[in-house]
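# Inside the fold
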Amino acid sequence: MNICIIGAGNIGTYLAAYISMKEECKVWLHTSKPELFKEELVLIEEEKNLKHTVKLDCITNDYEEAVKDADYILMTHPSFLIEHTLNSIINYVKKGTVIGAIPGFGGKEYLINELLEKKCIFFGTQRVPSIVRLEAYGECVCLKQKNKFMKIRSIPGSYSEEISNTMTRLIDIKCIPLNNYLGITLSPSNPTMHPSRLYELFKDYIKDEKLYDRNPFFYEEWGDEASSILLKLDDELEKIYKCLNENDDFDESDLEKIRIRFNTENPEGITEQIRNAPGFQGIDSPMIKYKEGYIPNVNSRYFTEDIQFGLCIIKSFAELCNVDTPIVDKIITWAQNLLNKEYIKDGKIIGVDVDELVIPQSKGIKNKQQLINYYKSL
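Okay, so let's go over this structure. (Residues numbered from 1 in each chain as written. Predicted model: local features only at pLDDT ≥ 70, side-chain atom pairs only at ≥ 80, totals over all residues. Heavy atoms only, no water.)

Quick look at the overall build of the protein now. Of regular secondary structure, the protein possesses 14 helices and 14 strands. Against the 2.2 N^0.38 benchmark of 21 Å for 378 residues, the protein shows a C-alpha radius of gyration of 20 Å, consistent with a compact globule. Along the first, second and third principal axes, the C-alpha set of the protein runs to 55 × 50 × 40 Å. Taken across its 378 residues, the protein has 59% of its residues classed as buried. Residue pairs at least 24 apart in sequence account for 71% of intrachain contacts in the protein once pairs closer than 6 positions are excluded. A total accessible area of about 16,700 Å² is found for the protein, and carbon and sulfur atoms account for 44% of it. Distance from the positive charge centre (46 side chains) to the negative charge centre (58 side chains) of the protein: 1 Å. (Helix = DSSP H or I, 4+ residues; strand = E, 2+ residues; numbered from the N terminus. Rg over C-alpha atoms; globule rule 2.2 N^0.38 Å. Buried < 20%, exposed > 50% of the residue type's maximum accessible area, 1.4 Å probe, protein only. Contact = heavy atoms within 4.5 Å. Areas by Shrake-Rupley, 256 points an atom, 1.4 Å probe, with all protein chains shown as cover. Lys, Arg positive; Asp, Glu negative; His and termini not counted. Charge placed at Lys NZ, Arg CZ, Asp CG, Glu CD.)

Following this line, the structure appears as structure tokens:
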């Protein structure tokens with residue numbers, strides 16, 4: 001099987017190295033910086049205390065070379081690059097190619113019409129498969145913690161079980177098919193977790209007026225305020241899902257819930273688990289050195305990915321469903337001021353920068369029933 005990985009960050013490098021160890025697979029890796037890659041990659045499995053040295057079949061910055069023979073293409077680019085990525089590969093992918101977005105939230109389902117017209121199959125994952133960190137770009141990647149499972153939904157949906165079985169074999173993590181892509185889009189993972197902690201860290205930040213004396217660990221120093229916000233965001237997400245599902249059009253088990261994931265309704269219990277998760281150790285907060293201290297790095301994916309392609313999508317669903325989301329609104333309003341953007345105005349997604357968003361309204365979906373019909377059709 002020919003596998004193409006697009007994106008050579010943490011997840012992309014890990015997937016390329018891991019899948020290349022499968023005898024039946026040939027792996028192409030697309031990166032903008034192939035010249036920085038060594039002839040061999042080192043993959044460290046931290047939990048098993050194992051070290052593998054692998055060689056990929058091709059490392060290239062040419063999209064045609066990367067995807068033309070691929071049976072599976074796994075895109076690991078951030079959401080703001082996905083539209084560009086899809087436009088770059090559309091003329092070269094063959095009919096029947098399976099193209100996955102890891103992870104699949106961020107409005108990616110609104111960008112795949114041309115792929116489907118070419119009889120390709122798309123899928124998205126609810127989360128990333130593992131917690132990994134690059135030790136050295138193009139040289140070494142560390143698998144810190146393997147997730148127990150990964151949930152998948154394809155478009156068209158009839159391929160979900162087949163793709164889940166294939167991905168299970170490729171990454172040795174149980175992949176579970178969901179019943180609808182709505183369970184991917186409304187995933188309470190990075191889009192709610194990261195903003196919760198960002199607000200706790202930087203809610204009092206004023207540009208050019210405040211400096212922080214240190215860069216705290218993002219997860220190891222996670223606080224109860226972030227956990228409390230996360231639970232409130234989980235409540236608002238559940239209200240949106242229940243509103244969409246008032247006629248039982250969707251399977252409620254598809255919606256992941258923070259309370260179930262952490263098996264607690266107690267902020268302190270969530271804080272303890274996040275602080276002590278082995279895969280979360282040693283990760284700095286998104287900050288940069290400035291003068292005699294530190295300031296937030298507003299160009300970090302924690303901001304650009306999880307506000308624009310996370311909370312703003314949740315807000316757009318809430319608006320179509322006429323569901324109040326005071327905590328979502330509060331954090332977007334705070335973040336957009338920090339980012340010098342305007343997505344929310346007068347409590348609605350009508351700000352001057354709304355055209356940057358990939359939301360159902362920008363695709364002609366104007367009310368709740370149209371939104372329901374759209375996801376039922378996938």
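Let's pick the thread back up.
Below, the discussion takes up the sheet that holds strand β7 (residues 98-101). Overall, mixed pairing links the 8 strands, which are arranged β5-β2-β1-β6-β7-β8-β11-β12 in an open sheet. What marks the edges here is a single partner per strand, and that holds for β5 (58-60) and β12 (174-177). In this sheet, adjacent strand axes meet at a mean angle of 25° when their direction is disregarded. Judged from the 4 bridges that link them, β7 and strand β8 (residues 121-125) form a sheet pairing that is parallel. Directly across from Val98, in β8, lies its bridge partner Ile121. (Pairing = 2+ DSSP bridges. Axes fitted to C-alpha atoms, helices over the stretch in contact; angles between N-to-C directions.)

Turning our eyes to something else, we now look at the packing of helix α7 (residues 190-202) against helix α8 (residues 224-244). The description of two helices packed together rests on the angle between their axes and the distance between the axes. Two numbers describe how α7 lies on α8: the axes approach to 8 Å, and their chain directions differ by 140°. By the angle between their axes, α7 is oblique relative to α8. Of the two elements, α7 crosses α8, and the hand of that crossing is right-handed. Contacts between α7 and α8 involve Thr192, Met193, Ser196, Arg197, Tyr199 and Glu200 from the first element and Asp224, Glu225, Ala226, Ile229, Leu230 and Leu233 from the second. (Parallel < 35°, antiparallel > 145°, perpendicular 65-115°, else oblique. Left-handed = near helix turned anticlockwise from the far one by under 90°.)

With 14 residues, helix α13 (residues 326-339) should reach 20 Å at 1.5 Å per residue; the first-to-last C-alpha distance of 20 Å fits that figure. With respect to burial, α13 is a largely interior element, 10 of its 14 residues being buried. For α13, the full list of buried residues reads Ile327, Val328, Asp329, Ile331, Ile332, Trp334, Ala335, Gln336, Leu338 and Leu339. Looking at the buried positions of α13, the neighbouring elements they touch are α7, α8, α11 (301-304) and α12 (307-321). After α13 finishes, the residue Asn340 shows a positive phi value of roughly 60°. (Expected span 1.5 Å × (residues − 1).)

The next point concerns the environment of Leu371. The topology assignment puts Leu371 in helix α14 (residues 368-377). Residues Leu371 and Phe149 lie 222 residues apart in sequence; the distance between their C-alpha atoms is 29 Å. When near neighbours in sequence (up to four residues on either side) are disregarded, Leu371 contacts Tyr110, Leu244, Phe317, Leu320, Pro360 and Ile365.

One pass over the full model with this rule turns up 16 aromatic pairs. Between Phe202 and Tyr212, the aromatic rings sit 5.7 Å apart at their centres with planes inclined by 70°, giving edge-to-face as the arrangement. One end of the pair, Phe202, is in helix α7; the other, Tyr212, is in the loop between α7 and α8, with 10 residues separating them in the sequence. Through a chain of ring-to-ring contacts, the aromatic side chains of Phe218, Tyr219, Trp222, Phe280 and Tyr302 assemble into a single cluster. The ring of Tyr212 has Lys210 sitting right over it, with the charged end atom 5.0 Å from the ring centre. (Phe/Tyr/Trp six-rings, centres within 6.5 Å; stacked < 30°, edge-to-face > 60°. Lys NZ or Arg CZ within 6 Å of the ring centre and 35° of its normal.)

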